[in-house]
Amino acid sequence: MDPMLSEAGKFSPVPFTRNYRRNPLTSLTVSLHIFEDVDAILLTHRHFDHWDTKSISILNKETLVFCSPRDQSFVQKAGFKKIIAINDYYEWEGIQMRRIEGPHAPGITGKILGTDLLLIKSL
């Protein structure tokens, strides 16, 4: 879910927020090789602090990617071949996923960051 595999602190803080820590906030506790053979990727949205270029380079392009329709062309251009864009609801192997509209933050920050999110409803 939202693979971000870069080293801690590689990217700037999220703009227009009160968090001034660089991203990712923590280091991974497992080897990157564990991500080479995952069953699927759930991309809730495509901000840099949710899916980075290192993830795109490491992840198997044959891996199934669930995303919102807004992010489908980006995922395809990144080389992924199996993409399911969820317009409303999708169930896969007992996992229920729903696309919702919801703000990332209040006020102007929420407007800048957008509202399209893909969430797991239940496991």
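Computed from a predicted structure; not experimentally measured. (Residues numbered from 1 in each chain as written. Predicted model: local features only at pLDDT ≥ 70, side-chain atom pairs only at ≥ 80, totals over all residues. Heavy atoms only, no water.)

(A) How the structure looks around the overall build of the chain. A tally of helices and strands in the chain yields 3 helices and 6 strands. Each helix (α) and strand (β) of the chain, taken in turn from the N terminus, gives the series β-α-β-α-β-β-β-α-β. Sequence separation of at least 24 residues holds for 46% of the intrachain contacts in the chain that already meet a minimum separation of 6. Total accessible area computed for the chain in this model is approximately 7500 Å², and 55% of it derives from carbon and sulfur atoms. (Helix = DSSP H or I, 4+ residues; strand = E, 2+ residues; numbered from the N terminus. Contact = heavy atoms within 4.5 Å. Areas by Shrake-Rupley, 256 points an atom, 1.4 Å probe, with all protein chains shown as cover.)

(B) Inspection of the pairing of strand β2 (residues 64-67) at higher detail. Because side chains alternate across β2, one face comprises the buried residues L64 and F66, and the other comprises V65 and C67, equally buried. Sheet topology note: the strand β1 (residues 40-42)/β2 ladder contains 3 bridges and is parallel. In the sheet register, I41 faces β2, and the bridge partner there is V65. As defined by bridge partners, β2 adjoins strand β3 (residues 82-85) across 4 bridges and the pair is classed as parallel. Within β3, the position partnered with C67 by the bridge is A85. (Buried < 20%, exposed > 50% of the residue type's maximum accessible area, 1.4 Å probe, protein only. Pairing = 2+ DSSP bridges.)

(C) Representation of the packing of aromatic side chains within the structure. Under the defined criterion, the tally for this structure stands at 4 aromatic pairs. Aromatic pair W51 and F74: ring centres 6.0 Å apart, planes at 75°, arrangement edge-to-face. Taken as a pair, W51 in the loop between β1 and α1 (53-58) and F74 in helix α2 (residues 69-77) lie far apart in primary sequence, 23 residues in all. A residue is classified by how much of its surface remains accessible, and W51, at 4% relative accessible area, is buried. Given the relative accessible area of 28%, F74 is considered partly exposed. (Phe/Tyr/Trp six-rings, centres within 6.5 Å; stacked < 30°, edge-to-face > 60°.)

(D) Region of the structure containing the sheet that holds β1. The 3 strands are arranged β1-β2-β3 in an open sheet whose pairing can be described as parallel. Of all strands in the sheet, those bounded by a partner on one side alone are β1 and β3. The sheet shows a mean angle of 20° between the axes of neighbouring strands, direction not considered. (Axes fitted to C-alpha atoms, helices over the stretch in contact; angles between N-to-C directions.)

(E) A negative patch on the surface, seen in detail. Residues E36, D37, D39 and E93 make up a contiguous surface patch of negative charge. Structurally, the position occupied by E36 is in the segment before β1. A relative accessible area of 39% places E36 in the partly exposed class. (Patch = residues over 30% accessible without salt bridge, like charges linked within 9 Å, V, L, I, M, F, W, Y side chains within 5 Å. Salt bridge = Lys/Arg side-chain N within 4 Å of Asp/Glu carboxyl O. Lys, Arg positive; Asp, Glu negative; His and termini not counted. Charge placed at Lys NZ, Arg CZ, Asp CG, Glu CD.)

(F) Representation of the side chain of D71. Looking at the element boundaries, D71 is found in helix α2. Under the relative-accessibility criterion, D71 is labelled buried at 6%.

(G) Geometry of the pattern of salt bridges. Counted under the stated rule, the structure contains 2 salt bridges. Between E62 and K81 there is a salt bridge, with the nearest N and O atoms lying 3.5 Å from each other. Here E62 is found in the loop between α1 and β2, whereas its partner K81 is found in the loop between α2 and β3, with 19 residues between them in sequence. With its nearest N and O atoms 3.5 Å apart, the salt bridge here joins D88 to R98. Placement of D88 in the loop between β3 and β4 (89-92) and of R98 in strand β5 (residues 95-101) is noted, with a sequence separation of 10 residues between them.

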